[in-house]
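# Architecture at a glance
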Amino acid sequence: MRAVQLTGPSHDASTTRVGPVEEPRPGPGEVSIEVAYAGINFMDVMARRGDAGYASRWPYTPGLEVAGRVRALGAGVDTFSVGDRVAAFTRSGGMAEIALASAEVVTPVPGAVSLQVAAAAPLALSTALLLLRDAARIRPGESVLMHSASGGVGHAVARLAAAEGAGPLLGTVGRPEKVADGLDAGWDVVTARGDDVVAAARAAAPGGVDVILDPTGTANLELDLELAAPGARIVLFGNAAGGTPAPLPPLARLIGGNVALIGFSISRLQESTPHKLAAALADGLATVGNGGLELPVTVVDSLDQVGRVHDLLATGRGSGKYVVAVGA
Ligand SMILES: NC(=O)c1ccc[n+]([C@@H]2O[C@H](COP(=O)([O-])OP(=O)(O)OC[C@H]3O[C@@H](n4cnc5c(N)ncnc54)[C@H](OP(=O)(O)O)[C@@H]3O)[C@@H](O)[C@H]2O)c1
């Protein structure tokens, strides 16, 4: 079968290859999936860069989410049949014609949901859902601010937050030319970082922001604290620039501000509480299936294009959510 392989750490596509690899066979508790579409994520770029905790070894096949049909069942799996339409979290290896997933994090895809949209659901949609509901415990009427608001997760968060009755919805982006993408995603106000984010946020949410979602490590934490309303939840869920994050703020700052600082990692949840991920994925797919949420995706033609999309994401030039057609 064909798969994308990263032969070593790199800041560009120079170590990305597409070629034949051995077909993986499902072990006990696993399912193998004929991949129709695989979601492309910034976390693939972090793996390609060699950030700690992403690529476990080289060569490494990236790809953390897929949709397709069940090909084979490992020992002890009786919840699926061969041929079922499914979406799944993959620990790696999604950018391949056949991928493996733990059956615990595989979910049937409702008939009303296309496999290309389903491929964006495990990472982008479930992350958005868990960030808002579990980590931030959002309530209707609360204001939200998210950094990197025009990407795959950003689109899903904007749409879900609106569906939850939250608002105003404030986004920041890294470049002025991405403001329009952020507005298209569904954010009410989008500001390029470097412009006056504080003024824009104060105008839209004069009492401060209730929920702040930040995947930029500690680079914008001072800004987050400045904008936080009393009772705010700041969720840190990434380290986009890589490198060593700065120390967290002193306790007095959190106590004095009545602010909660929360960490979130979907990879760690996959290890500790996979049922939570499966429930979020099923919930997200059902919401898309019943028309409660639209999840736009950009389909990339083939595995040969994945390196190019990784380059777009790596340089902050991507827009929205990308999925690659594999065996569609
Ligand atoms: N913790 C979790 O479980 C979890 C799950 C999914 C995603 N994430 C994180 O959520 C973020 C969004 O993920 P996504 O897949 O939807 O990606 P994305 O937003 O489509 O692309 C990543 C974005 O990160 C921003 N960025 C900030 N600093 C950067 C830097 N130094 N180099 C390159 N990009 C930088 C860029 O947007 P701007 O320049 O507009 O900010 C870039 O477009 C990522 O940081 C990802 O790691 C975390």
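## Remarks on the packing of helix α1 (residues 42-49) against helix α11 (residues 306-314)
In contact at an axis separation of 9 Å, α1 and α11 are set at 95° when each is read in the N-to-C sense. By the angle class used here, α1 and α11 are roughly perpendicular. Of α11, the residues touching α1 (which contributes F42, D44, V45 and R48) are G307, H310, D311, L313 and A314. Considering only residue class, the contact of α1 with α11 consists of 4 nonpolar, 2 polar and 3 charged.

## Observations regarding the site of the ligand
Surrounding the ligand, one finds 24 residues, the nearest of these being S148, G174, R193, F237 and I266. In the model, an oxygen atom of the ligand is placed 2.7 Å from a nitrogen or oxygen of the S148 side chain. Here a nitrogen atom of the ligand sits 3.0 Å away from a polar atom, N or O, in the main chain of F264. Protein burial of the ligand: of its 890 Å² of free accessible surface, 89% is covered by the chains. Residue assignment for the shell around the ligand shows that the elements contributing at least two residues are α1, α3 (121-135), α4 (152-163) and α11.

## A few points about the layout of surface pockets
Taken as a whole, the second largest pocket holds about 170 Å³ of empty space. The residue makeup of the lining of the second largest pocket, split by class, is 5 nonpolar, 5 polar and no charged.

## Points about the domain arrangement of the protein
Each assigned domain of the protein is listed here: domain 1 (2-120 + 274-325) and domain 2 (125-264). Each of domain 1 and domain 2 has a C-alpha centre, and these two points are 26 Å apart. Of the residues lining the interface, 25 residues belong to domain 1; the matching set on domain 2 comes to 20 residues. Buried surface at the junction of domain 1 and domain 2, both sides included, amounts to about 1,600 Å², of which 58% is carbon and sulfur. Summed over the three residues of domain 1 that lose the most area to domain 2, namely A280, L293 and G320, the buried surface amounts to 24% of that side. Across the pair D134 and K276 runs a salt bridge, and its minimum N-O distance is 3.3 Å. Across the contact surface, domain 1 and domain 2 share 9 residue pairs in polar contact (both at pLDDT 80 or more). Put simply, the parts of the chain that give the side of domain 1 that touches domain 2 at least two residues each are α1 and α10 (274-289).

## Concerning the sheet that holds strand β12 (residues 228-236)
Read from one edge of the open sheet, 6 strands run β10-β9-β8-β11-β12-β13, paired in parallel fashion. The outermost strands of the open sheet, each flanked by one partner alone, are β10 (189-192) and β13 (260-263). The sheet shows a mean angle of 15° between the axes of neighbouring strands, taken without regard to direction. As paired elements, strand β9 (residues 169-173) and β10 share 4 bridges and run parallel to each other. Paired with L170 across the strands is V189, a residue of β10.

## Some words on unusual backbone geometry
One can expect most non-glycine residues to show negative phi and most peptide bonds to be in trans. For the bond from W58 to P59, the omega torsion is -5°, close enough to zero to count as cis. Examined against the element boundaries, P59 turns out to sit in the loop between α1 and β4 (65-73). Cis geometry is adopted by the peptide bond preceding P168, which originates at G167 and carries an omega value of 0°. You can see P168 is positioned in the loop between α4 and β9. At R137, a position not held by glycine, the phi torsion is positive, near 45°.

## Here's the deal with the nonpolar core
Grouped together as the largest cluster of nonpolar side chains are 61 residues, with contacts concentrated most on L125, V144, V157, W187, L213, F264 and L285. For this core, the element with the highest residue contribution is α3, accounting for 9 residues. Two domains each donate at least three residues to this core, and these are domain 1 (2-120 + 274-325) and domain 2 (125-264). Those residues in contact with L213, other than ones at most four positions away along the chain, are L132, V144, L145, M146, H147, V157, V235 and F237. With 26 residues, the next largest nonpolar core counts V31, A103, V300 and L313 among its residues.

## Observations regarding α4
Taking 1.5 Å per residue, 12 residues should reach 16 Å; α4 reaches 17 Å between its end C-alpha atoms and fits that length. Residues G152, G154, H155, A156, V157, A158, L160 and A161 constitute the buried set of α4. Two residues or fewer after α4 comes G165, characterised by a positive phi angle close to 80°.

## Observations regarding the pairing of β12
Within β12, 7 of the 9 residues are buried, which leaves the element mostly enclosed by the surrounding structure. Pairing of strand β11 (residues 209-214) with β12 involves 5 bridges; the strand directions are parallel. Counterpart to V211 in the pairing with β12 is R233. On the question of chirality, the crossover connecting β11 to the parallel β12 by way of helix α7 (residues 221-227) is right-handed.

About the cut-offs
Per-chain numbering applies: the sequence of each chain, read as written, is numbered from 1 onward. Thresholds applied to this predicted model are a pLDDT of at least 70 for local features of residues and 80 or more for the giving and counting of side-chain atom pairs; totals over whole chains, interfaces and linings are not thresholded and use all residues. The basis for every side-chain value is the complete set of heavy atoms in the structure, and neither hydrogens nor water enter the calculation. Only the stretch in contact is used when a helix axis is fitted, and all axes are lines through C-alpha atoms; the angle between N-to-C directions ranges over 0 to 180 degrees. Helix and strand labels come from DSSP, where a helix needs a run of H or I of at least four residues and a strand needs a run of E of at least two; each type is numbered from the N terminus. Should an angle lie under 35 degrees it is considered roughly parallel, over 145 roughly antiparallel, and from 65 to 115 roughly perpendicular; all remaining angles are considered oblique. The criterion used for residue contact is that any of the two residues' heavy atoms lie within 4.5 Å. Under the scheme applied here, ten amino acids are nonpolar (Ala, Val, Leu, Ile, Met, Phe, Trp, Tyr, Cys and Pro), four are charged (Asp, Glu, Lys and Arg), and all others, including Gly, are polar. For each residue, the test is whether any non-hydrogen atom lies within 4 Å of the molecule or strand; if one does, the residue is near. In protein, a polar contact means a hydrogen-donor-capable atom and an acceptor-capable atom, both N or O and within 3.5 Å, with residues adjacent in sequence counting only if both atoms are side-chain atoms; elsewhere, any N or O pair within 3.5 Å suffices. To measure how exposed things are, a 1.4 Å probe is used in the Shrake-Rupley method; for residues, cover is taken only from the protein chains shown. Using protein atoms alone on a 1 Å grid, points that fit a 1.4 Å probe yet trap it form a cavity, whereas open point sets bounded by protein on both sides within 12 Å along at least five of seven lines form a pocket; residues with an atom within 4 Å of a point count as lining. Grid points are joined across faces, edges and corners, and a volume is the space filled by probe spheres set on the points. Throughout the structure description, domain borders are defined by an automatic or database domain assignment. Summed over both partners, the accessible area (1.4 Å probe) lost when two parts come together is defined as the buried area. By convention in these notes, a salt bridge is any Lys or Arg side-chain nitrogen within 4 Å of a carboxyl oxygen on Asp or Glu. A pair of strands is considered paired only if DSSP assigns at least 2 bridges between the two. By convention a nonpolar core is built from buried Ala, Val, Leu, Ile, Met, Phe, Trp, Tyr and Cys residues, the set being connected through side-chain atoms within 4.5 Å. Burial classes: relative accessible area under 20% of the type maximum marks a residue as buried, over 50% as exposed, and values in between as partly exposed (1.4 Å probe, protein chains only). By definition here, a helix of n residues has an expected span of 1.5 Å times n minus one. Classification remark: right-handed applies to a crossover when, strands pointing away from the viewer, the course from the first strand over the helix to the second runs clockwise.

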